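For reference, the chains in residue letters:
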Amino acid sequence: MKRILGIGCLAGLAAGAAAALFAATAGRGPIRDAIALEDSISHGTSGAHHDDLFSRGVQEIGGAIGLIVFGLALGVIFAVVLAAVGPRLVASTPLTASIRLGFFGFVAVVLVPFLKYPANPPAVGDPDTVNERTVLYFAVLGLSILLTWAVWRFHLGVSLSPVAKAWATAALYGAGLLVIFLALPGNPDAIDAPADLVWRFRLASLGGLAAAWATLALVTGTLLSRPGRAGESSGTQAPA
């Protein structure tokens, strides 16, 4: 377990660094444009200009540090989950198991919530609805993880031919997603920002998370593939 936690920390730091690098390059333009729009709206509403407590450069450095800390926490959780479920992912190597878990994790934790409640620029959103939006986001996140777990258990337990099992699993997952998307309400806030800016910001946010999850899965699997010290177990085994 000690080795698993160490690998999770290293992979998480790499994932956080990848997300920070993406935000500083491909995501920098949309993020800055969104912040500039928010500033123009707030200044226009108040009729006065207010200096920021921290400069834009300091804010960007703080954001990068926040992404790295987030990656560190995510890496530890990912490594522990991989150690627990890795033997049941039908993978021949730790790298393959890690990539599969990374894919399923990205879909459940990032993609499904994004499809229901995509990220919006800072200029979008009424401060009075922040609690409602937070509850809705965590609701879709929890339901997505629960659905993924239930479908995975179904896939492992059902006795069908490989083709029938694949179709049944896909149908169950699709039906579950449909129920989740129809049961939860839409975003409570109107989108008043330019559509081009909104979608550039959303894609930048999604791209940063994709970079983090891809790096996390690849680094974790690579480190687990290296032989540990004598008498030390990696915590994951390839299934027979």
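So, how was this worked out
Residues numbered from 1 in each chain as written. Predicted model: local features only at pLDDT ≥ 70, side-chain atom pairs only at ≥ 80, totals over all residues. Heavy atoms only, no water. Phe/Tyr/Trp six-rings, centres within 6.5 Å; stacked < 30°, edge-to-face > 60°. Buried < 20%, exposed > 50% of the residue type's maximum accessible area, 1.4 Å probe, protein only. Lys NZ or Arg CZ within 6 Å of the ring centre and 35° of its normal. Core = buried A, V, L, I, M, F, W, Y, C linked by side-chain atoms within 4.5 Å. Helix = DSSP H or I, 4+ residues; strand = E, 2+ residues; numbered from the N terminus. Contact = heavy atoms within 4.5 Å. Axes fitted to C-alpha atoms, helices over the stretch in contact; angles between N-to-C directions. Parallel < 35°, antiparallel > 145°, perpendicular 65-115°, else oblique. Left-handed = near helix turned anticlockwise from the far one by under 90°. Nonpolar A, V, L, I, M, F, W, Y, C, P; charged D, E, K, R; others polar. Patch = residues over 30% accessible without salt bridge, like charges linked within 9 Å, V, L, I, M, F, W, Y side chains within 5 Å. Areas by Shrake-Rupley, 256 points an atom, 1.4 Å probe, with all protein chains shown as cover. Salt bridge = Lys/Arg side-chain N within 4 Å of Asp/Glu carboxyl O. Lys, Arg positive; Asp, Glu negative; His and termini not counted. pLDDT = per-residue confidence, 0-100. Expected span 1.5 Å × (residues − 1).

Asker: Looking at this structure, how should I read the packing of aromatic side chains?
Answerer: Describing an aromatic ring pair means giving the distance of the ring centres and the angle of the ring planes. Tallied over the entire structure, the rule returns three aromatic pairs. Measuring from centroid to centroid gives 5.7 Å for F103 and F104, while their planes differ by 65°, and the two rings are edge-to-face. For F103, a relative accessible area of 52% gives the class exposed. Lying across the ring of W199, R202 places its NZ or CZ 4.7 Å from the centre.

Asker: So what exactly am I meant to see when it comes to the nonpolar core here?
Answerer: A general trend in soluble globular proteins is that nonpolar side chains are found buried together. If you look at the biggest cluster of nonpolar residues, it comprises 25 residues, and the most contacted ones within it are F78, L82, L89, L101, W213 and L216. Secondary structure elements with two or more residues in this core: α1 (2–24), α3 (56–85), α4 (94–116) and α7 (195–225). Residues within four places of L89 in sequence aside, it is in contact with L82, A97, R100, L101 and W152.

Asker: Whenever I open this one, the packing of α4 against helix α5 (residues 130–157) confuses me. Can you help?
Answerer: Helix packing for two helices is described by the angle between their axes and how far apart those axes are. Close contact between α4 and α5 brings their axes to 9 Å; oriented N to C, the two are set at 130°. Overall, the two elements α4 and α5 adopt an arrangement that is oblique. The handedness of the crossing between α4 and α5 comes out as right-handed. Along the contact surface, α4 presents V107, A108, V109, V112, P113 and K116, while α5 presents Y137, V140, L141, S144, I145 and T148. Along the lines of polarity and charge, the residues of the contact of α4 with α5 split into nine nonpolar, two polar and one charged.

Asker: Help me understand a nonpolar patch on the surface, please; the structure alone is not making it clear to me.
Answerer: A contiguous nonpolar patch, built from M1, L5 and V80 and spanning about 260 Å² of accessible area, is present on the exposed surface. Checked against the element boundaries, M1 lands in the segment before α1.

Asker: Sorry if this is basic, but what is going on with the side chain of K116 here?
Answerer: Topologically, K116 is positioned in helix α4. Of the side chains bearing the opposite charge, E132 lies closest to the buried K116, which forms no salt bridge; the N-O distance is 11 Å. For K116, the contacting residues outside a window of four places in its chain are V140, F181, L184, P185 and G186.

Asker: Any chance you could explain the pattern of salt bridges here in plain terms?
Answerer: When the charged atoms of two side chains lie near each other, side chains of opposite charge can form a pair. Enumeration over the complete set of coordinates arrives at two salt bridges. Across the pair R133 and D189 runs a salt bridge whose closest N-O atoms are separated by 2.9 Å. Residue R133 is found in helix α5, and its partner D189 is found in the loop between α6 (162–183) and α7; the two are separated by 56 residues along the sequence. Among the residues examined, R133 registers a relative accessible area of 27% and is labelled partly exposed. Overall, D189 belongs to the buried group, its relative accessible area being 12%.

Asker: Please clarify how the environment of F104 should be interpreted in this entry.
Answerer: When you line up the elements, F104 lands in helix α4. In sequence terms F104 and T148 are 44 residues apart; their C-alpha atoms lie 8.0 Å from each other.

Asker: So what exactly am I meant to see when it comes to the environment of L172 here?
Answerer: Within the element layout of this structure, L172 appears in helix α6. The spatial distance from the C-alpha of L172 to the C-alpha of V151 is 6.8 Å, given a sequence separation of 21 residues. Ignoring any residue separated from it by four or fewer positions in sequence, one finds L172 in contact with V151 and F154.

Asker: Sorry if this is basic, but what is going on with the confidence of the model for the protein here?
Answerer: Parts of the prediction with low pLDDT should not have their coordinates interpreted in detail. Predicted confidence across the protein gives a mean pLDDT of 85, with 85% of residues reaching 70 or more. For the protein, the element scoring lowest by mean pLDDT is helix α2 (residues 28–46), at 68; α6 scores highest, at 96. The low-confidence segment residues 230–235 (pLDDT under 50) makes seven contacts with residues lying over four places distant or belonging to another chain.

Asker: Is there a simple way to explain α1 in this structure?
Answerer: Residues three or four positions apart in an α-helix share a direction because the helix packs 3.6 residues into each turn. Given a rise of 1.5 Å per residue, 23 residues ought to cover 33 Å, and the 33 Å separating the end C-alpha atoms of α1 matches this to within 8%. All of the buried residues along α1 are R3, I4, I7, G8, A11, G12, A15, G16, A18, A19 and A20.

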